[in-house]
Amino acid sequence: MTIIPATAAAIKQAALLLQTGQLVAFPTETVYGLGGDATNDRAVAAIFATKSRPSFNPLIIHLPDAASAAPLVHFDAAARRLAEKFWPGPLTLVLPRRPDSPVSLLASAGLDSIAIRVPAHPVALALLQAAGRPVAAPSANPSGQVSPTTARHVADGFDGGLTMILDGGPCRVGVESTVLDLTTTPPRLLRPGGITREALEAELGPVALPDASELGAPRSPGMLASHYAPALPVRLDAIGAGPGEALLGFGPAAGASLNLSPEADLTEAAANLFAMLRALDRPPFQAIAVMPIPDHGLGAAINDRLRRAAAPRG
Ligand code: TXA
Ligand code: MG
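Throughout what follows, the structure given in this document is the object of discussion.

Procedures and definitions
- Residues numbered from 1 in each chain as written.
- Chains lettered and ligands numbered in written order.
- Predicted model: local features only at pLDDT ≥ 70, side-chain atom pairs only at ≥ 80, totals over all residues.
- Heavy atoms only, no water.
- Helix = DSSP H or I, 4+ residues; strand = E, 2+ residues; numbered from the N terminus.
- Buried < 20%, exposed > 50% of the residue type's maximum accessible area, 1.4 Å probe, protein only.
- Polar contact = N/O pair within 3.5 Å; in protein donor to acceptor, adjacent residues only side chain to side chain.
- Contact = heavy atoms within 4.5 Å.
- Salt bridge = Lys/Arg side-chain N within 4 Å of Asp/Glu carboxyl O.
- Near = heavy atom within 4 Å.
- Areas by Shrake-Rupley, 256 points an atom, 1.4 Å probe, with all protein chains shown as cover.
- Phe/Tyr/Trp six-rings, centres within 6.5 Å; stacked < 30°, edge-to-face > 60°.

1. Looking at the side chain of Ser147
Step number 1: With respect to the helices and strands, Ser147 occurs in the loop between strand 7 (135–136) and helix 5 (151–158).
Step number 2: Under the relative-accessibility criterion, Ser147 is labelled buried at 1%.
Step number 3: A polar atom in the side chain of Ser147 sits 2.4 Å from the side chain of Glu176.
Step number 4: Among all residues touching Ser147, those that are not within four sequence positions of it are Val31, Ser139, Asn141, Glu176, Tyr228, Phe274 and Arg278.

2. Considering unusual backbone geometry
Step number 1: For the peptide bond that leads from Trp87 to Pro88, omega is -10°, which places it in the cis range.
Step number 2: Along the chain, the position of Pro88 falls in the loop between helix 3 (77–86) and strand 5 (91–96).
Step number 3: Between Thr185 and Pro186 the backbone carries a cis peptide bond, its omega angle lying at -10°.
Step number 4: A positive phi angle, near 55°, is found at Asp237, a position not held by glycine.

3. A closer look at the pattern of salt bridges
Step number 1: In this structure the tally under the stated criterion is 11 salt bridges.
Step number 2: Arg235 is the salt-bridge partner of Glu245, the closest N and O atoms lying 2.8 Å from each other. Of this pair, Glu245 sits in strand 12 (residues 245–249) while Arg235 sits in strand 11 (residues 234–235), placing them 10 residues apart in sequence.
Step number 3: By relative accessible area, Glu245 is classed as buried at 16%.
Step number 4: Three or more residues joined by partner-sharing salt bridges are found here, namely Glu176, Asp304, Arg305 and Arg308.

4. Considering the site of ligand 1
Step number 1: Close to ligand 1 lie 26 residues, the nearest being Thr30, Arg53, Asn57, His62 and Ser177.
Step number 2: Within the side chain of Thr30, one N or O atom sits 2.6 Å away from an oxygen atom of ligand 1.
Step number 3: Considering ligand 1 on its own, with 680 Å² of exposed area, one finds that the protein chains cover 98% of that surface.
Step number 4: Every element with two or more residues in the shell around ligand 1 is listed here: strand 4 (60–62), strand 6 (113–117) and strand 10 (188–191).

5. A short note on the packing of aromatic side chains
Step number 1: Evaluated as defined, the whole model comprises 2 aromatic pairs.
Step number 2: Judged by centre distance (5.9 Å) and plane angle (35°), the rings of Phe75 and Trp87 are tilted. Highlighted residues: Phe75 in the loop between strand 4 and helix 3 and Trp87 in the loop between helix 3 and strand 5, separated in sequence by 12 residues.
Step number 3: Classification of Trp87 by relative accessible area gives buried; the value is 10%.
Step number 4: With centroids separated by 6.1 Å and ring planes inclined at 15°, the aromatic side chains of Tyr228 and Phe274 adopt a geometry described as stacked.

Structure below.
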């Protein structure tokens, strides 16, 4: 059995695995991550291979605290301010790489920037502390598929092929971190996520969105059109289920197969999103129809994931 409850002893064992170049899946507040030593090229290469992830799609580097960022990136005043406000938490900052940064170039796909974050999960923080090195961790799912919000989801994706999955229960936030590029003026929101654009703008002033022209050749490859995709086709803005369709509801919804949040609470909907997409992604259903979700606050991240889940498959 590779799923192990995240006891202190298990976390210590996981840290040793990371230190010897092996991979460990671990919980964060957003989704489960597939972690490897970010300073070890072979460990980083193993992450890409295990996920079948295109090597042009860079990884997020996880740290136990903001102070650990100093040797990796140029941590400017805006970064300090955001870190103070939102870390630990679901915000990833893209910052200029220091020339002497120990992070593997493969982890950042050869870019001159590095994406970093401090996750708000006690197991993740204990693991990062014990490992004593930056940990590269994409979501712990095969590339392009639905992200995992439980240890069981992780195991299902890799057919027992992982050495260790630390089980810390279901993820509280349920959608990935917000990715904010601080190398440009104004800063740009590369991926909507657990910290809303509204909350960032309250701290920073205007935050730009990527241009549509970048979506084909993305600056942040998480912007790839088809991503987060279940096996079944997904139809958006449904008012009801057609023949053979599962209906994923939001708010009051008669006849919903599952409901993201009967009370129309976006936080609850984000936490349920990936688990419910997985639960409906099977016979007797032939497609998944999803009711409209308001596009403000966390709804922006939910709709981003749903649009990619519904996009034509590559
Ligand atoms: O919530 C999360 O962020 C989760 C947990 C495990 O921390 N991780 C996650 O990783 O979602 P991943 O690999 O699935 O998504 C990383 C995103 C991608 O969109 C990637 O393109 C972007 O971050 N990214 C990483 N490094 C970047 C960089 N240097 N410049 C621009 N985008 C970058
Ligand atoms: Mg991912």
